[in-house]
Amino acid sequence: MNTPIIETRNLHKWYSGVHALKGVSLQVHKGEALGLVGDNGAGKSTLINILSGLHRADDGEILLDGQPVDIRNPKDAMGLGIETIYQYNSMVPLMTISRNVFIGREPLKWSVGGIGILDEKKMRQDSVKAIADVDLHLRSPDALVGELSGGQRQGVAIARAMHFKSKVMILDEPTNHLSVKETAKVIGFVKGLKAQGVTTIFISHNMHHVFACCDRIVAMALGQIVLDKPASETSIEEVSEIL
Amino acid sequence: MRRLFKLALQKPELASTILLLLLVILFEIRSNGVFITIDNIRGVLGLLPETALVAVGVTLLMICGEFDLSVGSVFALMPMTMAVLVVGGWPFWLAVLAGLALCAVIGFLNGYISNRFEIPSFITTLGMLFMARSMTVVVSGGFPPRIKPGQVPSWIFVGFVDGGGIIRASVLWFAGIAILISLLLARTNFGNWVRATGGFLPAAQAMGIPTGRVKIACFMICSILAGFAGMMQSLRLNSFLPSIGEGMELQAVTAAVIGGTSLAGGVGSIIGGLIGATLIRIIDNGMVMSQIDANWFKFAIGALTIFAVIGNAWLRRRGRAMKVETDR
C-alpha cells in the first residue's frame, strides 16, 4: 500500500472538560473522495479544524505524505496544500470576487517587508480563469461575493483552492443552507475535483449528499471513528443505523 | 450603463456628497453670497485639514472593525508633549518625532489590549481617552508651555503656501496623507486585509490573515494621525492648551458615518471620511454665515448623522435591488 497523502495518528482534543476527539486515526489516500459523516457534536468539525490549523490537537500526530507536520495556524495548513472550505463561507461578502480569491495570498507588483502594491490585473485574469476551470461561469470578477448565490460562492471557494494547487481539499458542510439545485451544483464541483485527482474530505450530516460524490465513508460518533468502508460496500441504511 | 449606475448607487459616500453640494448651494443663497468668499474659505480651510485628518484615521480604523475614542485626547497630548520638550531644550524635529512616537505607543496599546484581552476597543479607548487627557495636563504641569513666535519652524505645517493667503501647508499635508492612506486601503495587500478583517473576521482568520496585527497597525495609524492633526492646530494657533480636541472623538466617528462608513466594519472609504468632516465644518460655518442661531449646530449635526445613514442605507438597497445577472 502506498503512503497516505494525509494521516492522523491517535488525535485527542479536549474542550474544557469535553473530550471531543478520543484518539482518531485516519488515513486518506491520494485522489480519494472521503465522506465524513456523523451527528452534530460527533467530532467531525473538531477533526477538520485541527487539520486546517484553526485549533491544535492536545495529543497525537499528523503526517503529510508520510512526514510528520506541525500545523500551527491556517497559513501553515495552506502552505502544506490543505485548503478548507467552511460551512459559513470562507469569503468576505462585501469584497469583490477577485479580491476574495486572493485574500492573504495577493500577487504584488513590488513590496517592502511583505506589504506592497496589488497586481490587480493579474488578480482579475487569474480569478476569471480559476473560476472557469471549475466550470462556473460568472460575468465579472468585480462583482461582490455578497451578490452571488450560496452555490456560486462555494464554487468560487473551490476555484480558489484549485488555483493554489491544494493537495487536500476539506469541505466542511458545504451544502448547508443551499437549495436542492444549488446543492447539486456543489456536488458537481466535488465530482469535478475527483476527476482532477484532488483528494477531498467532504463533511456533511446529510447522507445523501455524501453518498452522491464520495467513494469512501467514514462515520464518527462521540469523538471516535465508528465505521470506515468503501461507499460501494455500505449503504445509507447501515451508516444511519450505526449512528 | 445600468451596471455603472448600480455601482454608483452602492458607493457608500454618495448620499453625503449630494448633501454636501446641496448645503453649499443653500448656504450660499441664505448668506447672500458671503459663504463662497475668499475670507470665509480661508477660515474653513484653517480648521478643516485638522479635523478631517482625525476623521481619516478613525475611518480607516472603523473599516477594520474597531473604534478609537481616544483621538481627541491624543490630539491634545501630542502637541503638549512636543511643546514641553521644545521648552525643555530639545530640537524641534526631535520633539516632533518623540510626540509622534508617543502617539504610536498609545495606538499600539489600544490595539494590543483590545486584542490580548478580547475586550471591545470601545472600552479600551474610552479608558485611554481619560488617561491621555490626564497625561496632557500632567506633562504641562498645569501651565501651558510658551513657545515664542518664530522659535519653531511652524510655517512648514501651517504657513500659507500661496500668495493670496488662502491655502495653508496643512491643507497640503492633509491631502498628501489622505491620498497615501487611500492608496494603502485600495491598492495594497494590507488594504485588502483591513477590509477582510473588518468585513468578515472568521473568513479573514481562516485565510491566514494576521488579523490581530492588522488591527494594531490601524490603531497606530489612527493615533499618529490624531496627534499630527493636534500638532498642526496648536502650531496654527501658536498656543498649547490641554483642553483642545475635547469631543473630537465623536465628531470623527460622526464624520466617518456620514461619509458612509459602517459601524460594523468592512464598508467605507477615506474620501467618505473627508466628505463627512467637510460637511460638519460647512454646517458649522454656514450657519454662522447665514445668521442662524449657532446653538442649533449640534442639533444639525445630529439630525444630519441620522439622515445620512438612512440615506446611505436606502441608496445601497436600491442599488442592490437592481437586477444584474451574475451568471453568464
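Refer to the structure above for everything that follows.
The model shown is predicted, which means the values in this text are computed figures rather than measured ones.

Turning our eyes to something else, we now look at the overall build of chain B. Each helix and strand counted, chain B has 14 helices and 0 strands in total. Relative to the globule expectation of 20 Å for 328 residues, the C-alpha radius of gyration of chain B, 20 Å, shows essentially globular dimensions. At a minimum sequence separation of 6, the contacts of chain B that also span at least 24 residues come to 77%.

All names here are of chain B. Summarising the element assignment, Pro91 is placed in the loop between helix 4 (71–87) and helix 5 (92–116). Assessed through the 11 C-beta atoms surrounding it within 10 Å, Pro91 is described here as exposed. Along the backbone, Pro91 and Val152 are 61 residues apart, and their C-alpha atoms lie at a distance of 9.0 Å.

Turning to the sheet that holds strand 2 (residues 18–28) of chain A, a few remarks are in order. Residues and elements named next belong to chain A. Strand order in the open sheet formed by 4 strands is 2-1-4-5, and the pairing between neighbours is antiparallel. Two strands close off the open sheet at either side, each with one partner strand: strand 2 and strand 5 (67–69). Strand-to-strand twist across the sheet, computed as the mean angle between neighbouring axes with direction ignored, equals 30 degrees. Of the pairings in the sheet, the one linking strand 1 (residues 6–15) to strand 2 comprises 8 bridges and is antiparallel in character. Counted as the bridge partner of His12 is Lys22 from strand 2.

This part covers the sheet that holds strand 6 (residues 82–85) of chain A. Residue and element names in this part refer to chain A. Reading across the sheet, the 6 strands line up as 6-9-10-3-11-12 and stay open at both edges, with mixed pairing between neighbours. The open sheet terminates on both sides in strands that have one partner only, identified here as strand 6 and strand 12 (224–230). Across the sheet, the axes of successive neighbouring strands diverge by a mean angle of 15 degrees, strand direction being ignored. Direction of pairing for strand 9 (residues 168–172) relative to strand 10 (residues 199–203): parallel, over a ladder of 5 bridges. Paired with Val168 across the strands is Thr199, a residue of strand 10.

Conventions and cut-offs
Residues numbered from 1 in each chain as written. Chains lettered and ligands numbered in written order. Predicted model: local features only at pLDDT ≥ 70, side-chain atom pairs only at ≥ 80, totals over all residues. Helix = DSSP H or I, 4+ residues; strand = E, 2+ residues; numbered from the N terminus. Rg over C-alpha atoms; globule rule 2.2 N^0.38 Å. Contact = placed C-beta atoms within 7 Å. Buried ≥ 20, exposed ≤ 12 C-beta atoms within 10 Å, placed from the backbone. Pairing = 2+ DSSP bridges. Axes fitted to C-alpha atoms, helices over the stretch in contact; angles between N-to-C directions.

Honestly, that's just the spatial picture; any functional story needs more than this.
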